[in-house]
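# Descriptive structure summary
Listed below, chain by chain, are the residues.
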Amino acid sequence: MSNENSSEHNTCALENRSRRKGPDRRKADDPQYRGPERRSFGRRRLSDEIETLFAGLGRFLCRHRLVALLGVLLVVLSLTAMIPRITVDTSSEALLHKEDPILLEYNRFRDRFGSSDLIIIAVEPDNVFSTEFIRWLGTFHETLENEVPHITAVTSLVNARSTYGEADALIVEDLLEGWDEKEIAWDTLKQRVLGNPFYVNNIISADGRIAAVVLETAAAVTETQTEEAVLDSFEDTSAVGPGGSGERRYLSEKENSEVVAAVKRVVVRQRLPNLEIAMSGGPFILEAFNKSTMQDMVRCLSISIIAVIFFLLILFRRLTGVILPLIIIVASVLSTLGLMALCAVPIKITTTILPAFLVAVGVGDAVHILAIFYRQYQQGCSRQDAIVYALGHSGLAIVMTTLTTAAGLLSFGFAELAAIADLGIFAAAGVVLALFFTIILLPALLAVLPIQRKAGSHPASVRMDRVLMAFADFSVAHPLKILGVAALIAVTATYYAFQLKFSDHVVEYFPDAMVVKQDLTTIDRELNGTITLEVVLDTEMENGVYNPRLLNAIDTFSEEMKHYTDSEIFVGTVFSINDIVKEINQAMHGNDRAYYTIPQARDLIAQELCLFENSGSGDLEKLVDSRFAVTRITIKTPWVDSVIFERFLHQVEAMADPIFEGMATVKVTGGMALMARTIPAALKSMSRSYMLAFLIITVMMMVLVENVKLGLVSMIPNLLPIITIMGVMGLARIPLDMTTLMIGSIALGLVVDDTVHFMYNFRRYYELSKDAHQAIRETLMGAGRALMITSLVLSFGFFADMFATLTHIRRFGFFTGVTILVALMADFVVAPALMVVLTRQRKRKTEISSQRS
């Protein structure tokens, strides 16, 4: 081994001395070697010192390679062991921070009224009002009640509230109670059902063709604790739920999946050939989204890895050139997911892109180190020399590219939406982990694994070099024309970027062929809605709900809502305490339809509601609190875009505030309110993150190139691709959703990496030759091949997302991948043209000043 090193050492020294171009090529293990030199001014810069430190790190890792390998292995295994704890939660609640006012109001609503989401099962038989179907419906209803967990109520024609008066008594019973023991006049029953506004578009379609079964999920569950846990929390009464020895928490993805799975099992078992059954509601949408998310994540990750392997084979044509970067990215992905599990952060709608993202991004640093290492090793350097030189040459550059990428991602950390903040934090953590593994694990592996030298140059490398030289020559020959065309593209793209629209339609993320989307469309069409908005009225006084003025105001508001007109959303039904009050009043007046009104005496309202409570019905508990101070109005609508929900919510508030002024405070909440919160919060967060990312990355570029003007100019090739793609999206009328909104900040952090390597290398070569053309050629010949491959790996890593089921992931992958390719062209064409123009100006100034002196 010593003889081999000696011969390699001498060969490397001879070859490096014979080379006249590029940075200092002296032996990396020479005692006098202090890293790359700066010969232009005879002094060392901060960057020189940092490069020397990286060279020293490479030397240290070669000597202590086994310790480094064991240390990294321990870190990776410790974090990977946490992955089984990770969960998936793509609900609207998961998008928001725990202290978000909208979420806090929603939690107060759930605590007060005890219900959470609706599941609607629409059944279309040959004839709803027939003995055969009602018998089947009764069995189906009972099975759901017995077998579906975490539900508070099941409502259908079987047990729909039927209120009527008999003599002086108020009778509240199930609509079809004891029907099989009576002789039913089905036509009469049909007229009665379709004539009741509480039934229509709730448990029966307006035309009577479709019957619905509505399940209300519980707001929270109580987990049974072990005896030891109960003793430990004995003094903390807040941790004990109604059960006495359990912890109360809101329904999670786990319970939601249990509910949906149980409903599906019952439907499969009870389905008859002549029945058309559709199932939808928040829990079904959430479950389908979670399932598709996990499937997409695995599929896209696999395709991304295949793409990485393909391009690594093209670049290196070595087994180690493929295996070593894969080890880095696998370690990065596993460690990042383990970190999420350790922090109890679930996978959310935004973080679904994280694994494929880390595969694409994590390989870049390894490619740059390996490209330099293989080139030095191939030229005769010893293994240690090549490792030390590779780290000394590229260490600072890959740290800066990682920091710029992390800066772009961490700009999300201040987002108003927790899902965006989580992506920023853990994606940044992932790229930093990838950097750690690259500068620690990769050199140690290179020092251990057997690596052979290859004979001759591969034709593909020669062709790639010719392409790179063509870019260099073209940019130097036509700099002003290039910059003119770039400016024209930027102006045109900016115009179309302002035509972009915003959208967050969760259901539209599903393909048309998916059953969950088809069922939702059916139920929205036949039953006028699947999602609710809750208007909570707080009178701030006990028995305030008895106030006839308040109930009259509820009537006025409900009528206005029923007649609400909008081209993009309509109100299907409105439920409130007034439905019960009117039913009671009608029943207590001989079931006369003329008395389906609100009594105008406070005492009479209180008396009638007291009679209703004593009848044994629990429906009142769902509508008012125990003090009769707070009540709710439920507005059901079809499931539409969150942008439309936001506008609708503001209009509802504007209508409600003057109607209830002086009688009650108005709060709007519910699942719709959570979704309406996402777009404005995302827009505010993105505008802030774009500015923050731009400022941080610009400052970092100035520091790297050690020149303020050059740092500012270097941002042009970074911003041009983002503006161009946004313009293309605007021209194609593709909306910005929760994921495509993040393209700008993510892409800015990524595309700047290539610019960093270009500017870093250009500055070094230009200081040696003072010839811009030569410096550009040296830069593209030295770093261009790695830039091209890493950009292709990055773009195709994102293109892997196009194989996802959910459309928002496909759009994000496609446009982010295209942005990276456009950025590569900008670095190969626009950046060189900018450098040519800037160096010409500098030379002119130097000549003028020298002439004057």
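The sections below set out a description of the structure shown in this document. Everything quoted here is computed from the prediction, not taken from an experiment.

Reading guide: rules and limits
- Residues numbered from 1 in each chain as written.
- Predicted model: local features only at pLDDT ≥ 70, side-chain atom pairs only at ≥ 80, totals over all residues.
- Heavy atoms only, no water.
- Phe/Tyr/Trp six-rings, centres within 6.5 Å; stacked < 30°, edge-to-face > 60°.
- Helix = DSSP H or I, 4+ residues; strand = E, 2+ residues; numbered from the N terminus.
- Buried < 20%, exposed > 50% of the residue type's maximum accessible area, 1.4 Å probe, protein only.
- Lys NZ or Arg CZ within 6 Å of the ring centre and 35° of its normal.
- Salt bridge = Lys/Arg side-chain N within 4 Å of Asp/Glu carboxyl O.
- Core = buried A, V, L, I, M, F, W, Y, C linked by side-chain atoms within 4.5 Å.
- Contact = heavy atoms within 4.5 Å.
- Axes fitted to C-alpha atoms, helices over the stretch in contact; angles between N-to-C directions.
- Left-handed = near helix turned anticlockwise from the far one by under 90°.
- 1 Å grid on protein atoms, 1.4 Å probe; cavity = no way out; pocket = protein on both sides within 12 Å on 5 of 7 lines; lining within 4 Å.
- Points joined across faces, edges and corners; volume = space filled by probe spheres on them.
- Nonpolar A, V, L, I, M, F, W, Y, C, P; charged D, E, K, R; others polar.

This paragraph deals with the packing of aromatic side chains. In this description, a pair of aromatic rings is defined by centroid distance and the angle of the planes. What the rule picks out here adds up to 26 aromatic pairs. Seen from their ring centres, Phe799 and Phe814 are 6.2 Å apart, and the 35° between their planes marks the pair as tilted. With Phe799 in helix 26 (residues 772-799) and Phe814 in helix 27 (residues 807-852), this residue pair connects regions lying 15 residues apart in the sequence. Relative accessible area serves as the criterion here: at 14%, Phe799 is assigned to the buried category. On the basis of relative accessible area, Phe814 is assigned to the partly exposed category, the value being 34%. Between Phe814 and Phe815, the aromatic rings sit 5.0 Å apart at their centres with planes inclined by 80°, giving edge-to-face as the arrangement. Residue classification places Phe815 among the buried positions, given a relative accessible area of 7%. Taken together, the aromatic side chains of Phe310, Phe311, Phe796, Phe799, Phe814 and Phe815 make up a single cluster linked through ring pairs. When the ring centre of Phe113 is taken as reference, the NZ or CZ atom of Arg632 above it lies at 5.3 Å.

Under the criterion given, the structure shown has 28 salt bridges. Between Arg161 and Glu583 there is a salt bridge, and its shortest N-O distance comes to 2.9 Å. In this pair, Arg161 sits in strand 3 (residues 161-166) while Glu583 sits in helix 19 (residues 577-587), placing the two residues 422 residues apart along the sequence. There is no split in this pair, since Arg161 and Glu583 are both buried.

Ranked by size, the top nonpolar core spans 222 residues in total, and within it Phe357, Phe557, Met561, Leu609, Phe648, Phe660 and Ile746 carry the most contacts. Element by element, the count of residues in this core is highest for helix 14 (residues 418-448), at 18 residues. Those residues in contact with Ile746 that lie beyond four places of it in its chain are Ile353, Phe357, Leu409, Phe412, Leu423 and Phe812. Core analysis: the next-biggest nonpolar cluster, separate from the first, contains 42 residues, Val154, Leu176, Trp186 and Val214 among them.

This part takes up the side chain of Asn718. Relative to the elements of secondary structure, Asn718 occurs in helix 24 (residues 716-731). Each residue touching Asn718, except ones within four places of it in the same chain, is listed here: Leu748, Val751, Val752 and Thr755.

A separate point is helix 19. Summarising burial for helix 19: 11 of the 11 residues are buried, a large majority. Buried residues of helix 19: Ile577, Asn578, Asp579, Ile580, Val581, Lys582, Glu583, Ile584, Asn585, Gln586 and Ala587, and no others.

Before going further, it helps to examine the environment of Leu433. On the secondary structure map, Leu433 appears in helix 14. According to the relative accessible area criterion, Leu433 is buried, its value standing at 16%. When near neighbours in sequence (up to four residues on either side) are disregarded, Leu433 contacts Ser332, Ser335 and Thr336.

This paragraph deals with the packing of helix 24 against helix 25 (residues 743-769). When two helices pack together, their arrangement is captured by the angle between the axes and the distance separating the axes. One way to put it is that helix 24 packs onto helix 25 with a least axis distance of 8 Å and a crossing angle of 140°. Note on packing geometry: the crossing formed by helix 24 with helix 25 is right-handed. Where helix 24 approaches helix 25, its residues Pro717, Asn718, Leu719, Ile722 and Met726 are matched on the opposing element by Ile743, Gly744, Ala747, Leu748, Val751, Val752 and Thr755.

Over the atoms a probe the size of a water molecule is rolled, and this reveals where empty space is left. Applying the stated criterion to the full structure yields 6 cavities of 30 Å³ or more. Lining of the largest cavity is provided by 17 residues; of these, Val361, Gly364, Asp365, Thr401 and Asp753 occupy positions nearest its centre. Taken together, the elements giving at least two residues each to the lining of the largest cavity come down to helix 12 (354-378), helix 13 (383-410), helix 14, helix 25 and helix 26. Of the residues forming the lining of the largest cavity, the biggest block, 6 residues, is contributed by helix 12. Residue classes in the lining of the largest cavity are distributed as 6 nonpolar, 8 polar and 3 charged. Considering only enclosed or pocket space, the second largest cavity measures out at about 90 Å³ in volume. Forming the boundary of the second largest cavity are His368, Ala371, Ile372, His393, Ser394, Ala397, His757, Asn761, Tyr765, Gly782, Ala783 and Ala786. Of all elements in the fold, only helix 12, helix 13, helix 25 and helix 26 reach the threshold of two or more residues within the lining of the second largest cavity.

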